[in-house]
Amino acid sequence: MDYYKENREKKLESRKSMTDTPTTPLLDNSYQNHNRHFYFNRFNSFPNSAVEMTTTIPPKHLRSVFLGVDVGTGSARAGLFNEEGKLLGSASSPIQIWKDGDCVEQSSTDIWLAICTAVKTACSLGNVSKEEVKGLGFAATCSLVAVDSEGEPVTVSWSGDTRRNIIVWMDHRAVKQAERINASNSPVLQYCGGGVSPEMEPPKLLWVKENLQESWSMAFRWMDLSDWLTYKATGDDTRSLCTTVCKWTYLGHAHMQQINERDSRDMEACGWDDEFWEEIGLGDLVDGHHAKIGRSVAFPGHALGSGLTLDAAKELGLMAGTPVGTALIDAHAGGVGVMESVPASDSESIVDEDAISRRMVLVCGTSTCHMAVSRTKLFIPGVWGPFWSAMVPEYWLTEGGQSATGALLDYIIENHVASPHLANRAASRRISIFDLLNEILESMKQDEGSQFISALTKDLHILPDFHGNRSPIADPKSKGMISGLTLDTSEKQLALLYLATVQGIAYGTRHIVEHCNANGHNIDTLLACGGLAKNRLFVQEHADIIGYPIILPRENESVLLGASILGAVASKKYPTVREAMKAMNAAGQVVYPSKDPKVKKYHDAKYSIFRELYEQQQKHRSLMTEALS
């Protein structure tokens, strides 16, 4: 008995020391350093919404666990899920970012090291052995990676720093190149809302060719970050239909008659439009059967190569040969991780398979993406797509978006004079700054006798286009506008600015939903995931403003879940992505719009002002152009 008691005490002590490791509690430690870890703090607004870090019961046998890796704008994250999509453990590691005006850059070397740290920590904290990890999937921002023939980084920076080989998705250096490409009127442009965005890859590639000739000649592969991660992990240069179709103008529907997802295999890339690349001045990318941009493509979740290479497995702390699925862009992984998260009563009552076509997923983080799918292709001006098999295989994807949402809220809050004191108060109470602002607004409602919190901003209106308008106006030159500023610098005034910004973002989403429905969609239900979806006020304002219920997923980490689903499909646990979604998605809380008719009347009035703000900006722009002509 003494032996067993001693052994049990050793295990408990070992687990305690593991939990106490300084690399573990990024969420908790972030309260000690608000500025460095603000992205972690601001999202933690629902009770018990923090990432589950450990499991208390050690495994008695080898489980089937699936690992999802997500590289966002500020961090690399890893999450482990069981066959039912329950989170077993997760961890995060920050990544470096360089910002200089419109130029935003990162390092693939730094990102890979952060991924290795996050994966090892997640396995330790989740008490998951490497033998239990049966499949791995990657998701990442749609950023552009340049490597040479040896796989080494090629700089894409004016600085010449070889570490900086990634042009980040939000980089807007290529606005002029995008305008020139759109002037070509190529037929491929109709599949991205009528024109490419500077956030897509062709304008960025053209910018590099025109400005960094040495880098252009050195680059052997140009890859979306998600595809680079699977290449780094497996040595297989097969590209994803998600990345190539959504960001490179690849025509995925070229494969409609050739193959279906169930029989997926490496497919020769026959969806490139060579005339398009020649016309925009990038004809050299056609050489070698498109070797630099992708000679073969595959459906998301397709098993790549022979799984993890020996080197990658060692670096990640996993088993060589672990199946790796073709990747997704991070927002699209969020869609896969949440789109089938309908309450049991709904899923039982809906018998038609195309109920999924009436849903829109809001993936709410630094930016917000609005994902809807349909059986038929719908051309919607100013909205990206239709993209065939870019998220849910064999469905057409419509992708709206707002380029700055979480980033905009950060900007509004951090640049206010009251922000440091407010951040310290939140840190001392170990709550997010959003929680504290929500409390202040509730108190103001009581003090001022306001009918509802939303009415506090009756004199304050915000157009949230601080980083341009992605959709549905598709104007990268659009600017943010604030109407109703005063000299007040109090915390209460900051709370009002925060609320008006949340409302402005929600009005933008309403604009996108209305525009999509006016052009063929029939959306009546929203699902929300991502960091901002953990903020009660953010979700409730969206429900009230749009007028639809919003379903939240059981698991907060929907992007990680979506990535892990790719690993589950690659491992053959599930035959298709759709079947894996049905097995691993699950609904949580449902947030309903207010039934008070006064709330609807109020938001209808503010929405009309929101629409007028852009019209005013256009008039101002026209007047100034004429004055300077």
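None of these values were measured; they are calculated from a predicted model.

Participant: Kindly report on the pattern of salt bridges, identifying the contributing residues and their values.
Facilitator: Pairing between side chains becomes possible if they bear opposite charge and their charged atoms approach one another. Enumeration over the complete set of coordinates arrives at 26 salt bridges. For D70, the salt bridge identified is with R77, shortest N-O distance 2.8 Å. Classification of R77 as buried rests on a relative accessible area of 18%. The residue R359 makes a salt bridge to E340 at a minimum N-O spacing of 3.3 Å. Residue R359 is found in strand β14 (residues 359-364), and its partner E340 is found in the loop between α13 (330-338) and α14 (344-349); the two are separated by 19 residues along the sequence. Look at R359 and you get buried, because its relative accessible area is 8%.

Participant: So what's going on with empty space enclosed by the protein? Residues and values would help.
Facilitator: Within this structure, the stated rule accounts for four cavities of 30 Å³ or more. As a volume, the largest cavity reaches approximately 60 Å³. Forming the walls of the largest cavity are V188, Y191, C192, M200, V245, C246, K247, W248, T249, Y250, L251 and F387. With three residues, the single largest contributor to the lining of the largest cavity is helix α9 (residues 241-247). Residue composition of the lining of the largest cavity, grouped by class: ten nonpolar, one polar and one charged.

Participant: I'd like to hear about the sheet that holds strand β11 (residues 267-268), residue by residue, with values.
Facilitator: Pairing within the open sheet is mixed, and its three strands lie in the order β10-β12-β11. Edge positions in the open sheet fall to β10 (239-240) and β11, since each of these has one partner strand only. With two bridges joining them, β10 and strand β12 (residues 296-298) adopt parallel strand pairing. Its bridge partner being in β12, R239 is matched across the sheet by V297.

Participant: Before we move on, can you summarise the sheet that holds strand β2 (residues 75-81) with the specific residues and values?
Facilitator: On the basis of which strands lie adjacent, the open sheet formed by five strands has the order β3-β2-β1-β6-β13 and mixed pairing. Edge positions in the open sheet fall to β3 (87-94) and β13 (324-329), since each of these has one partner strand only. Going from strand to strand, the sheet's axes swing by 15° on average, the running direction of each strand aside. Alignment of strand β6 (residues 133-140) against β13, held across four bridges, turns out to be parallel. Bridging across to β13, A140 finds its partner in I329.

Participant: Explain the packing of helix α16 (residues 419-429) against helix α17 (residues 433-448) to me, using residue names and the numbers behind them.
Facilitator: Between α16 and α17, the shortest axis-to-axis distance is 9 Å and the interhelical angle comes to 105°. If you check the angle between α16 and α17, you find them roughly perpendicular. Residues S419, L422, A423, R425, A426 and R429 of α16 form the contact with α17, whose participating residues are I433, L436, L437, E439 and I440. Partitioned by chemical class, the residues of the contact of α16 with α17 number seven nonpolar, one polar and three charged.

Participant: Can you explain helix α6 (residues 201-211)? Please cite residues and give values.
Facilitator: The buried count for α6 comes to eight of eleven residues, which makes it a mostly enclosed element. When α6 is considered as a whole, its buried residues turn out to be E201, P202, P203, K204, L205, L206, W207 and V208.

Participant: Could you give an account of the pairing of strand β16 (residues 384-388), naming the residues involved and the relevant values?
Facilitator: The buried count for β16 comes to five of five residues, which makes it a mostly enclosed element. Inspection of the sheet shows β16 paired to strand β17 (residues 396-402) by three bridges, in the antiparallel sense. Bridging across to β17, W384 finds its partner in E399.

Criteria and cut-off values
Residues numbered from 1 in each chain as written. Predicted model: local features only at pLDDT ≥ 70, side-chain atom pairs only at ≥ 80, totals over all residues. Heavy atoms only, no water. Salt bridge = Lys/Arg side-chain N within 4 Å of Asp/Glu carboxyl O. Buried < 20%, exposed > 50% of the residue type's maximum accessible area, 1.4 Å probe, protein only. Helix = DSSP H or I, 4+ residues; strand = E, 2+ residues; numbered from the N terminus. 1 Å grid on protein atoms, 1.4 Å probe; cavity = no way out; pocket = protein on both sides within 12 Å on 5 of 7 lines; lining within 4 Å. Points joined across faces, edges and corners; volume = space filled by probe spheres on them. Nonpolar A, V, L, I, M, F, W, Y, C, P; charged D, E, K, R; others polar. Pairing = 2+ DSSP bridges. Axes fitted to C-alpha atoms, helices over the stretch in contact; angles between N-to-C directions. Parallel < 35°, antiparallel > 145°, perpendicular 65-115°, else oblique. Contact = heavy atoms within 4.5 Å.

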